Amino acid sequence: MHNKIKLLLLSAYLSFAATEANASETIAINPTSKAALLDGRCGNDEWEAATKIDLPAQVSIYLMHDKDYFYICAKGKAEDITVLDLYIDHTETGQLHKFHLSAQMGEKVLTGNGWERVSGKWDLKDYAGFWVPFSGLEDPENRSNPIWAKGTHRQVQVSRSKFPGDTWKMMFGVSAINHEGNRNSEFFYPDKATSTDKSTWRKFSFYE
């Protein structure tokens with residue numbers, strides 16, 4: 001009985017150690033010779049070279065880079081609106097940056113007061129993206145209740161000069177996903193990551 005308990009404890013420890021090792025691994029981002037077209041589609045030829053990460057509910061994240069830019073595309077289903085939050089650690093300043101793409105785009109940094117905007121909603125410094133398109137109004141007469149297009153994909157390109165080094169620590173959040181009866185499900189990568197704790201994020205490297 002004593003030996004059996006020892007074996008169970010050893011098995012649990014090895015499982016925990018393997019999980020910690022996997023979490024600490026650096027993921028290589030594939031290079032591309034074609035600049036990504038920010039057209040709301042991940043399936044175009046230029047994304048074939050991308051590193052792909054699969055999330056639940058048929059959501060996928062595509063990552064690639066060239067010498068000037070880092071590219072990310074979040075792909076949901078035809079019935080999803082698909083909102084993307086991209087988090088990047090600035091290793092020199094220690095600041096955590098958040099790029100949000102829904103019906104608008106914006107960049108924030110984490111301060112003692114929480115996430116604070118660093119520029120105007122459409123004042124994009126060293127990055128660009130494809131936001132959720134406007135698709136009309138539920139009440140046109142009163143110009144209220146906007147409708148947002150479904151089935152497009154969120155894309156961001158970030159200048160590599162904006163963050164130092166060839167290895168970035170990042171986290172991704174994808175929301176407004178239809179899953180198990182909920183129209184606004186949200187998924188993260190890494191799945192247990194916390195936006196305010198970079199130790200829970202993952203390292204990604206650019207290689208040629």
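Above this note sits the structure.
Residues numbered from 1 in each chain as written. Predicted model: local features only at pLDDT ≥ 70, side-chain atom pairs only at ≥ 80, totals over all residues. Heavy atoms only, no water.

Honestly, the overall build of the protein chain in this entry has me stumped. Any pointers?
Secondary structure assignment for the protein chain yields one helix and 15 strands. Burial analysis of the protein chain (208 residues in total) assigns 42% to the buried set. Within the protein chain, contacts between residues at least 6 apart in sequence are counted, and of these 56% link residues at least 24 apart. If you sum the accessible surface of the protein chain, you get close to 11,500 Å²; carbon and sulfur atoms cover 50% of it. (Helix = DSSP H or I, 4+ residues; strand = E, 2+ residues; numbered from the N terminus. Buried < 20%, exposed > 50% of the residue type's maximum accessible area, 1.4 Å probe, protein only. Contact = heavy atoms within 4.5 Å. Areas by Shrake-Rupley, 256 points an atom, 1.4 Å probe, with all protein chains shown as cover.)

Help me understand the nonpolar core in this model?
The tendency in soluble globular proteins is for nonpolar side chains to be buried side by side. One finds Leu-63, Phe-70, Ile-72, Leu-86, Met-170, Phe-172 and Phe-204 to be the most contacted residues of the largest nonpolar core, which totals 30 residues. With five residues, the top contributor of residues to this core is strand S13 (residues 167-179). Non-local contacts of Met-170, meaning those with residues more than four positions away in its chain, are made with Ile-29, Phe-70, Leu-86, Tyr-87, Ile-88, Pro-190, Trp-201, Arg-202 and Phe-204. Ranked by size, the runner-up nonpolar core spans eight residues in total, among them Cys-42, Ala-50, Met-64 and Cys-73. (Core = buried A, V, L, I, M, F, W, Y, C linked by side-chain atoms within 4.5 Å.)

For this particular structure, what's the right way to read the state of the cysteines?
The term disulfide refers to a covalent linkage connecting the sulfur atoms of a pair of cysteines. Going through the model one piece at a time under the given rule, you end up with one disulfide. Here Cys-42 is linked by a disulfide to Cys-73, with a sulfur-sulfur distance of 1.8 Å. Looking along the S-S bond of the Cys-42-Cys-73 disulfide, the torsion reads about -90°, which is the left-handed sense. Here Cys-42, found in the loop between strand S1 (26-31) and strand S2 (51-55), pairs with Cys-73, found in strand S4 (residues 69-75); they are 31 residues apart in sequence, far enough to count as distant. This pair shows no difference in class: Cys-42 is buried, exactly as Cys-73 is. (Disulfide = S-S within 2.5 Å.)

Which parts of the structure should I look at to understand the pairing of strand S11 (residues 144-148)?
Each regular strand shows side chains that alternate between the opposite faces of the sheet. Across three bridges, the pairing between strand S10 (residues 134-139) and S11 is antiparallel. Of the residues in S11, the one forming a bridge with Leu-137 is Pro-146. In this structure, the hairpin formed by S10 and S11 is closed by a connection of four residues, where Arg-143 is found at a positive phi of approximately 50°. (Pairing = 2+ DSSP bridges.)

Even after reading the chapter, I still don't get the environment of Ile-81, so can you show me in this structure?
You can see Ile-81 is positioned in the loop between S4 and strand S5 (83-89). The class for Ile-81 is partly exposed, based on a relative accessible area of 24%. Along the backbone, Ile-81 and Thr-152 are 71 residues apart, and their C-alpha atoms lie at a distance of 7.0 Å. In this structure Ile-81 touches Val-132, Trp-148, Ala-149, Lys-150, Thr-152, Arg-154 and Ala-176, once residues within four positions along its chain are discounted.

Where do I start with the environment of Thr-111 in this structure?
Relative to the elements of secondary structure, Thr-111 occurs in strand S7 (residues 105-111). For the pair formed by Thr-111 and Gln-95, sequence separation is 16 residues and the distance between their alpha carbons is 8.0 Å. At 3.5 Å, the side chain of Thr-111 forms a polar contact with the side chain of Glu-116. (Polar contact = N/O pair within 3.5 Å; in protein donor to acceptor, adjacent residues only side chain to side chain.)

Is there a simple way to think about unusual backbone geometry in this case?
Across the chain, the bulk of peptide bonds are trans and the bulk of non-glycine residues have phi less than zero. Omega for the bond connecting Tyr-189 with Pro-190 falls within 30 degrees of zero, at -5°, which places this linkage in the cis form. Mapped onto the elements, Pro-190 comes out in the loop between strand S14 (182-189) and strand S15 (202-206). Within the chain, Thr-82 stands out as a residue other than glycine whose phi angle is a positive 65°. For Thr-82, the location among the structural elements is in the loop between S4 and S5. Of note in the backbone geometry, Asp-126 takes a positive phi value of approximately 65° without being a glycine. Here Asp-126 lies in the loop between strand S8 (114-117) and strand S9 (127-130). Assessed through its relative accessible area of 36%, Asp-126 is described here as partly exposed.

I'm lost on the pattern of salt bridges in this one. Help?
Side chains that differ in charge, positive against negative, can pair when their charged atoms come close. Under the defined criterion, the tally for this structure stands at six salt bridges. A salt bridge links Lys-77 to Asp-80, with the nearest nitrogen and oxygen atoms 3.0 Å apart. With relative accessibility at 12%, the residue Lys-77 sits in the buried group. Glu-107 is the partner of Lys-162 in a salt bridge, and the nearest nitrogen-oxygen pair spans 3.3 Å. A residue pair is termed long-range when its members are at least 10 positions apart, and Lys-162 in the loop between strand S12 (154-159) and S13 and Glu-107 in strand S7 qualify at 55 residues. The pair formed by Lys-162 and Glu-107 is uniform in burial state, with each residue classed as buried. (Salt bridge = Lys/Arg side-chain N within 4 Å of Asp/Glu carboxyl O.)

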